[in-house]
Amino acid sequence: MKLSNRIGLLKPYPFVEISRIIAEKRATGIDVVTFGIGDPDIPTPEHIVGRLEQASHHLPNHRYPESDSLPEFRRAVAQWYENRFGVKLDPDKEVLPLIGAKEGIGHVAFALLDPGDLALLPDPAYPVYAVGTMFAGAESYTMPLTEKGGWLADLEAIPEDIAQRASLMWLNYPNNPTAAVAEPDYFEQVVRYAKEHDIIVLHDAAYSEVTFDGYQCSSFMQAEGARDIGLEFHSLSKSYNMTGWRVGMAVGNSELVRGLLKIKENLDSGIPQAIQEMAMEALLGPQDCIEHNNAIYKARRDKVVGVLRDIGLEVESPKASLYVWAKVPSGFTSAEFAARLLEDNSIVVTPGSSYGVNGEGYIRLSLTTPDERVETGVQRLASWEIPSPSSAAS
Ligand SMILES: *Cc1c(COP(=O)(O)O)cnc(C)c1O
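Owing to the predicted nature of the structure, the values given are computational and were not obtained by experimental measurement.

### Focus on the overall build of the protein chain
Argument step 1. The secondary structure content of the protein chain amounts to 14 helices and 13 strands.
Argument step 2. For 394 residues, the compact-globule formula gives about 21 Å, and the C-alpha radius of gyration of the protein chain, at 21 Å, lands near that figure.
Argument step 3. Across the 394 residues in the protein chain, those meeting the buried criterion constitute 56%.
Argument step 4. Working note: accessible area of the protein chain is about 17300 Å², and carbon and sulfur atoms make up 52% of it.
Argument step 5. Positive and negative charge centroids in the protein chain, built from 35 and 54 side chains respectively, lie 3 Å apart.

### Focus: the sheet that holds strand β12 (residues 350–351)
Argument step 1. Sheet architecture is open: four strands sit in the order β9-β10-β13-β12, paired in antiparallel fashion. Two strands bound the open sheet, and with one partner strand each, they are β9 (314–315) and β12.
Argument step 2. Judged from the five bridges that link them, strand β10 (residues 323–327) and strand β13 (residues 362–366) form a sheet pairing that is antiparallel. Across the sheet, residue K327 finds its bridge partner in β13, namely Y362.
Argument step 3. The strands touched by helix α12 (residues 288–310) within the sheet are β9, β10 and β13, with β10 carrying the most contacts at an inclination of about 10 degrees.
Argument step 4. On top of the sheet, helix α13 (residues 334–345) reaches β12 and β13; it is set at about 45 degrees to β13, its chief contact.

### Some details on the pattern of salt bridges
Charged atoms that come close allow side chains of opposite charge to pair.
Argument step 1. Enumeration over the complete set of coordinates arrives at 23 salt bridges.
Argument step 2. Measuring nitrogen to oxygen at the nearest pair gives 3.2 Å for the salt bridge that ties K327 to E147. With a gap of 180 residues between them, K327 in strand β10 and E147 in the loop between β4 (139–144) and α7 (160–165) connect regions that are remote in the sequence.
Argument step 3. For the salt bridge of D302 with K298, the shortest nitrogen-to-oxygen distance reads 2.9 Å.

### What about the packing of helix α3 (residues 46–55) against helix α11 (residues 273–284)?
Argument step 1. It is at 8 Å that the axes of α3 and α11 come closest, and there the two elements cross at 145 degrees. Of the two elements, α3 crosses α11, and the hand of that crossing is right-handed. Seen from α3, the contacting residues are H47, I48, V49, R51, L52 and A55; seen from α11, they are A274, I275, E277, M278, M280, E281 and A282.
Argument step 2. Along the lines of polarity and charge, the residues of the contact of α3 with α11 split into nine nonpolar, one polar and three charged.

### Digging into the environment of C217
Argument step 1. Inspection of the secondary structure assignment puts C217 in the loop between β6 (200–204) and α9 (226–229).
Argument step 2. With 66 residues separating them along the chain, C217 and W151 place their C-alpha atoms 16 Å apart.
Argument step 3. Dropping the residues within four chain positions of it, C217 is found in contact with R84, F85, P174, S208, T211 and A320.

### Quick word on the site of the ligand
Argument step 1. Lining the immediate environment of the ligand, one finds 15 residues, of which D204, Y207, S235, S237 and K238 sit closest.
Argument step 2. Between an oxygen atom of the ligand and a side-chain N or O atom of Y207, the distance comes to 2.5 Å.
Argument step 3. R246 has a polar side-chain atom sitting 2.7 Å from an oxygen atom of the ligand.
Argument step 4. When residues of the shell around the ligand are assigned to their parent elements, the largest contribution, three residues, is made by helix α5 (residues 101–112).
Argument step 5. Partitioning the shell around the ligand into residue classes produces six nonpolar, five polar and four charged.

### What about helix α4 (residues 71–85)?
Argument step 1. Counted at 1.5 Å a residue, the expected span for α4 with its 15 residues is 21 Å, and the 21 Å between its end C-alpha atoms agrees.
Argument step 2. Residues of α4 that are buried include every one of F73, R74, A76, V77, A78, W80, Y81, R84 and F85, and no others.
Argument step 3. Where α4 is buried, its residues contact β2 (95–98), β7 (230–235), β8 (248–252) and α11.
Argument step 4. Among the residues trailing α4, G86 stands out with phi positive, at a value near 70 degrees.

### Examining the domain arrangement of the protein chain
Argument step 1. Here the domain parsing of the protein chain yields domain 1 (5–44 + 289–393) and domain 2 (46–284).
Argument step 2. Contacts between the two partners involve 34 residues from domain 1 and, on the opposite side, 43 residues from domain 2.
Argument step 3. Here domain 1 meets domain 2 over a buried area of about 3200 Å², counting both sides, of which 60% is carbon and sulfur.
Argument step 4. Considering only the side of domain 1, the residues that lose the most area to domain 2 are T44, K319 and N358, jointly responsible for 22% of the buried surface there.
Argument step 5. In this assembly, domain 1 and domain 2 are joined by three salt bridges.
Argument step 6. On inspection of domain 1 and its partner domain 2, the count reaches 20 residue pairs in polar contact (both at pLDDT 80 or more).
Argument step 7. At the level of elements, α1 (5–9), α12, β10 and β13 are the ones that each hand at least two residues to the side of domain 1 that touches domain 2.
Argument step 8. Taken together, the residues of the side of domain 1 that touches domain 2 sort by class into 18 nonpolar, eight polar and eight charged.

Rules of the game
Every chain is numbered independently, its residues counted from 1 as its sequence is written. In keeping with the predicted nature of the model, local features appear solely for residues at pLDDT of at least 70, side-chain atom pairs appear and are counted solely at 80 or more, and the whole-chain, interface and lining totals rest on all residues. Think of the side-chain values as coming from all heavy atoms in the structure, minus any hydrogens and water. Numbered from the N terminus, helices here are DSSP runs of H or I no shorter than four residues, and strands are runs of E no shorter than two. As defined in this context, the radius of gyration uses C-alpha atoms, and a globule is described by 2.2 Å times the residue total to the power 0.38. Partly exposed describes any residue whose relative accessible area lies between the buried limit of under 20% and the exposed limit of over 50%, with all areas from a 1.4 Å probe on protein chains only and scaled to the type maximum. Where accessible areas are quoted, they stem from the Shrake-Rupley method and a 1.4 Å probe; at the residue level, only the protein chains shown are allowed to cover. In this count, Lys and Arg are taken as positive residues and Asp and Glu as negative ones, while His and the chain termini are left out. In this description, the location of a charge corresponds to atom NZ of lysine, CZ of arginine, CG of aspartate or CD of glutamate. In short, DSSP must find at least two bridges between two strands for them to pair. Residues are treated as being in contact if the distance between any of their heavy atoms lies within 4.5 Å. Between the N-to-C directions of two axes lies an angle of 0 to 180 degrees, each axis being a line fitted to C-alpha atoms and, for a helix, fitted only over the stretch in contact. For this analysis, a salt bridge means a side-chain nitrogen from Lys or Arg found within 4 Å of a carboxyl oxygen belonging to Asp or Glu. Crossings are sorted by hand: turned counterclockwise from the far helix by less than a right angle, the near helix makes the crossing left-handed, and turned clockwise it makes it right-handed. In this classification, the charged set is Asp, Glu, Lys and Arg, the nonpolar set is Ala, Val, Leu, Ile, Met, Phe, Trp, Tyr, Cys and Pro, and all remaining amino acids, among them Gly, are polar. Distances are taken per atom, and a residue is near a molecule or strand as soon as one of its heavy atoms is within 4 Å of it. Each polar contact in these results corresponds to two N or O atoms within 3.5 Å; when the atoms are within protein, one needs to be able to donate a hydrogen and the other to accept it, and residues that are neighboring in sequence are counted only if both atoms are side-chain atoms. The length a helix should cover is 1.5 Å for every residue beyond the first. An automatic or database domain assignment supplies the start and end points of every domain. Accessible area that two parts lose when put together, with a 1.4 Å probe and added across both, is what the buried area reports.

The structure is reproduced here in structure tokens:
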């Protein structure tokens, strides 16, 4: 039997590997505290689950959904964008619901890229941008994100011939894994650059609602001219603790929306309609769950950042996202330091290097761990003395 070459080109998806290590440890009776995966531990709000209960009895929901989803759901997305960002979208042309943002992020490559095309990808990054690019047979050019550059892709640093060749660019703010945010003037600069070089911009805004200390994220779609050249990908997963229900959306340029819909029509049959109803409830129902969640994450953030600083790590307190991005002590690689945390404290973190070469030197801690587990992890760290890097080689 021969599988496709693209299967051979895939690296293990980072969390599959982490899940395996956790399972192995737990099987030997070790009490593992995981700050690994970004998957909210807080349940989906009750009013949203209640809507699913009702919707499950509605017989039209027992049949195939439309690929472009219920018109009411597209209208709810447009309404939410207007409420939240003051952006007006045409629900029939500029909104496309997705089976989670990941689905759309992967599939959009097939709508926009041909073999030999070039995509500009940030590094470190959510792995799906690169995987979709590779599946479509296109090449990628790395835009390094660095601490010095505020983890923003430096457009000036892209060589002119690369910019001329590139078809599209991926961006993601608030950023996974670095927790960096982008301000409106950066998005304006991106739109100008993209227009000048005829580049499509795909912005992943999965964390726009997970913010702290009164910080409010802007949308890429607020930038002047953004909808001429781009799409924004969004998700209900992180905003409403709905990772298990698989629902998200892409909004923006109507031609790009149509292209992605063409791919999806041929590959999937849409989002289960009862879940579309849940999503409508989430977007248009009471929004106090967001503040409630963010208060929980903020308390965890403060504990985690506090203890990491106490043990001598350099770490910025994030304004947004579910992550703390900490620099590892000098002498350790990301993977060595993560291994040390696992060996010495039975604490799981993600090595920054699993998000790309520019993530080397950092670790990512997810705040989606229940409060009492965070407390256990923090206590273990507080009484830990970082060993010298030489003993890290073991
Ligand atoms: C979690 C995450 C997603 C995936 O969202 P789903 O809607 O659950 O598929 C997309 N992008 C980033 C950066 C994420 O961290």
